[in-house]
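Structure assessment
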Amino acid sequence: MSGAMPAGAPYVVSQRFDDLGLDGTPRRVGIFGGTFDPVHVGHICAAYAVHRAFDLDAVVFMPSGVPAFKQQTVVASPEDRFAMCDMAAHEYHYPYFDASNMETRREGVSYTIDTLRAVRAHYPENVEIVFILGVDALLSLLKWRAPDDLKSLASFIVLSRPGYELRDNLREQLREQGFHVTELDNAGVDVSSSEVRVRLAKGLSVEGYIPRVVNSYIAEKGLYQGPAKEGL
C-alpha cells in the first residue's frame, strides 16, 4: 500500500486548482497520469486537445512516484519528473494547466486508486473527475488495483498512440464492467519519452521534442546521460 501524505503539505491536488468547485458551480478536472520521463511536447499537445474537446476546467499533470508497472524503466527521480512537469505546465502560460506532486511525495508504489480516492475526498461533489491516460496504459486497466472502485471515482479519456490499439473485445469488456471510457484520436504529436531519452543519451538535439525550460533543466541536472531505457 502507498504511504500517507505528509502533514503540513502546502496543497492537496495542485496549487492552482485546489479551490476548484468551492463556489458550487459544476466543474470538471482532468488528472493526466503518467511517468513523464521526461514530459514532452506530445504530452502538452494532448493536454490542450483534451481540454478543448471535453470542456475541462483544469488539466493537472500527475507524474507517478514509483509506477506499479514501470518500476524498472523509470530513469529520472520522482522529484525531477515533477519539477519538469511543473515547468512544462506553466511554460506556455495556459491558465488551465497545473502539475501535482500528490504521487511523487507519497511513499511506496503509486497506485491510481489511492490518487483518485484522495482527489475525490478533496473536491466537493460538483467537481467531476476525469482520468487521462494513453492507450498503452489502458490496455492493463483491468489489472490495476481495485478496478471496481476506479470506475466509480472517475471517467476515463484515452489518448491514441502509434503502435497500440484498443481492440473491440477490450472496449466491450470495459463497457460491460461499467467503465466510462472515451477515446480521443490524434491528440498529440508523435513523440515518446523513450525517443527523447535515446536522443539525449546520444548527445543529439531534442529541440522541438520537449519544452525549452525542460531541456534547460535536463542539461543543468545532467539527466538521461546514460544508456536509454525503454518506456513511454
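The structure this text deals with has already been given above.
1. Some thoughts on the pairing of strand β2 (residues 58–63)
In terms of burial, β2 is a largely internal element, 6 of the 6 residues being buried. The alternating pattern of β2 places Ala58, Val60 and Met62 and Val59, Phe61 and Pro63 on opposite faces, both of which are buried. Examined bridge by bridge, strand β1 (residues 27–34) and β2 share 6 bridges and lie parallel to one another. Counterpart to valine 29 in the pairing with β2 is alanine 58. You can see the chain leave β1, run along helix α1 (residues 41–54) and come back into β2, and the turn it takes is right-handed. Two elements, β2 and strand β3 (residues 97–99), share 3 bridges in a ladder whose sense is parallel.

2. Let's talk about the sheet that holds β2
Spatially, 6 strands are ordered β3-β2-β1-β4-β5-β6 in an open sheet, and the strand pairing comes out parallel. Each having just a single partner strand, β3 and β6 (181–184) make up the two edges of the open sheet. Direction aside, neighbouring strands of the sheet carry axes that sit 25 degrees apart on average. Along the sheet, helix α2 (residues 78–91) makes contact with β2 and β3, crossing β3 at roughly 165 degrees.

3. Regarding the packing of α2 against helix α8 (residues 212–221)
Two elements in contact, α2 and α8, have axes whose closest approach is 8 Å; the angle formed by their N-to-C orientations is 150 degrees. Considering the angle they form, α2 stands roughly antiparallel to α8. In this structure, the crossing between α2 and α8 has a hand that is right-handed. Touching Asp80, Ala83, Met84, Met87, Ala88 and Glu91 of α2 are Arg212, Val213, Val214, Tyr217, Ile218 and Lys221, all from α8.

What counts and how
- Residues numbered from 1 in each chain as written.
- Predicted model: local features only at pLDDT ≥ 70, side-chain atom pairs only at ≥ 80, totals over all residues.
- Heavy atoms only, no water.
- Buried < 20%, exposed > 50% of the residue type's maximum accessible area, 1.4 Å probe, protein only.
- Helix = DSSP H or I, 4+ residues; strand = E, 2+ residues; numbered from the N terminus.
- Pairing = 2+ DSSP bridges.
- Right-handed = clockwise from strand over helix to strand, strands pointing away.
- Axes fitted to C-alpha atoms, helices over the stretch in contact; angles between N-to-C directions.
- Contact = heavy atoms within 4.5 Å.
- Parallel < 35°, antiparallel > 145°, perpendicular 65-115°, else oblique.
- Left-handed = near helix turned anticlockwise from the far one by under 90°.

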